[in-house]
Amino acid sequence: QMFVDEGSVSAGSEFEIGEKLRVGADSRARKEIQRFRAAAQQKEEWQPAGVAKLPPLEIVSLGSSDAKVVVRIAPSSFPVSREAYRIAVQPNRIVVSASDEAGVFYALCTLEQIVVLRGEAAELGISSAVTIPMCTIVDWPGSARRGVMLDLAGGRVWRFEAMARLADTLARLK
């Protein structure tokens, strides 16, 4: 389930992605951000060069005034208890609220997907910088389990590394 509310967007009301994102996070969210960064570094090893990506995340204290992204785990803010998140993009900051650690991970995956798409637009000359328009995204899983059917019968046998990359990619696509 995903809801996106773009509200009224006027010129200059976009969040510009810089060379580095300073992220203010509570202690529970910090661990998940570090896990996301590690997964992103592994992905860079096999991702083609030149693909737009989320810039490096620098974790700062939650109350830091220079944090461009604020991440909090607030379970009572959501109607469902697992893997839910809300991303509110404002011109000067992005606020991420999640119901749990998995919600933080999936919210960061969504931000990364937006940056990749907007980065492709910038590379094509559609926009001059990588920006995210003001919006609010609320998302949670529609079912308790996520799954993929992969038929390996009668074909080539995949190497473990290829299967691990596929699993990482599918996890990031939610």
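A short tour of the structure in this document, coming up. (Residues numbered from 1 in each chain as written. Predicted model: local features only at pLDDT ≥ 70, side-chain atom pairs only at ≥ 80, totals over all residues. Heavy atoms only, no water.)

**Focus on the overall build of the chain**
Along its length, the chain carries three helices and nine strands. Written out in order from the N terminus, the α and β elements of the chain read β-β-β-α-β-β-β-β-α-β-β-α. Every one of the 174 residues in the chain was classed for burial, and the buried ones make up 39%. Considering only intrachain contacts with a sequence separation of at least 6, the fraction spanning at least 24 residues in the chain is 73%. Accessible surface for the chain amounts to roughly 10,300 Å². Of this, 53% is attributable to carbon and sulfur atoms. (Helix = DSSP H or I, 4+ residues; strand = E, 2+ residues; numbered from the N terminus. Buried < 20%, exposed > 50% of the residue type's maximum accessible area, 1.4 Å probe, protein only. Contact = heavy atoms within 4.5 Å. Areas by Shrake-Rupley, 256 points an atom, 1.4 Å probe, with all protein chains shown as cover.)

**Let's talk about the packing of aromatic side chains**
This structure, assessed with the given rule, holds two aromatic pairs. Seen from their ring centres, phenylalanine 36 and phenylalanine 105 are 5.9 Å apart, and the 70° between their planes marks the pair as edge-to-face. Taken together, the positions of phenylalanine 36 in helix 1 (residues 27–46) and phenylalanine 105 in helix 2 (residues 101–123) put the pair 69 residues apart, joining distant regions of the chain. Classification of phenylalanine 36 by relative accessible area gives buried; the value is 2%. (Phe/Tyr/Trp six-rings, centres within 6.5 Å; stacked < 30°, edge-to-face > 60°.)

**Looking at a nonpolar patch on the surface**
On the surface, Val148, Leu170 and Leu173 cluster together into a nonpolar patch covering about 280 Å² of accessible area. Relative to the assigned elements, leucine 170 resides in helix 3 (residues 160–173). (Patch = residues over 30% accessible without salt bridge, like charges linked within 9 Å, V, L, I, M, F, W, Y side chains within 5 Å. Salt bridge = Lys/Arg side-chain N within 4 Å of Asp/Glu carboxyl O.)

**Some words on the nonpolar core**
Counting residues in hydrophobic clusters, the biggest one holds 32 residues, and the most contacted among them are Ile33, Val71, Ile87, Ile94, Val96, Val104 and Ile132. Elements with a minimum of two residues in this core: strand 3 (21–25), helix 1, strand 4 (57–61), strand 5 (69–73), strand 6 (85–89), strand 7 (94–98), helix 2 and strand 9 (135–139). When residues in this core are grouped by element, the largest group, nine residues, is from helix 2. Each residue touching isoleucine 132, except ones within four places of it in the same chain, is listed here: Glu14, Phe15, Ile17, Val89, Ile94, Leu111, Ile114 and Val115. (Core = buried A, V, L, I, M, F, W, Y, C linked by side-chain atoms within 4.5 Å.)

**Examining unusual backbone geometry**
Look at glutamate 83: it is not a glycine, yet its phi comes out positive at around 65°. Mapped onto the fold, glutamate 83 is located in the loop between strand 5 and strand 6.

**Some points on the pattern of salt bridges**
Applying the stated criterion to the full structure yields five salt bridges. Ionic pairing is found between glutamate 101 and arginine 28, a salt bridge with its closest N-O pair at 2.9 Å. Taken as a pair, glutamate 101 in helix 2 and arginine 28 in helix 1 lie far apart in primary sequence, 73 residues in all. The class for glutamate 101 is partly exposed, based on a relative accessible area of 27%. Taking the relative accessible area as the measure of exposure, arginine 28 reaches 37% and is therefore partly exposed.

**Side note on the side chain of serine 97**
Take serine 97: it is sitting in strand 7. For serine 97, a relative accessible area of 16% puts it in the buried group. Discounting residues that sit within four places of it in the chain, serine 97 has contacts with Arg72, Phe78, Ala84, Tyr85 and Arg86.

**Comments concerning the side chain of threonine 131**
Relative to the helices and strands, threonine 131 is located in strand 8 (residues 131–133). There is a polar contact of 2.8 Å between the side chain of threonine 131 and the side chain of glutamate 14. Once residues within four sequence positions are removed from consideration, threonine 131 is found in contact with Glu14, Phe15, Glu16 and Arg118. (Polar contact = N/O pair within 3.5 Å; in protein donor to acceptor, adjacent residues only side chain to side chain.)

Shape is all these values report; function is a separate question.
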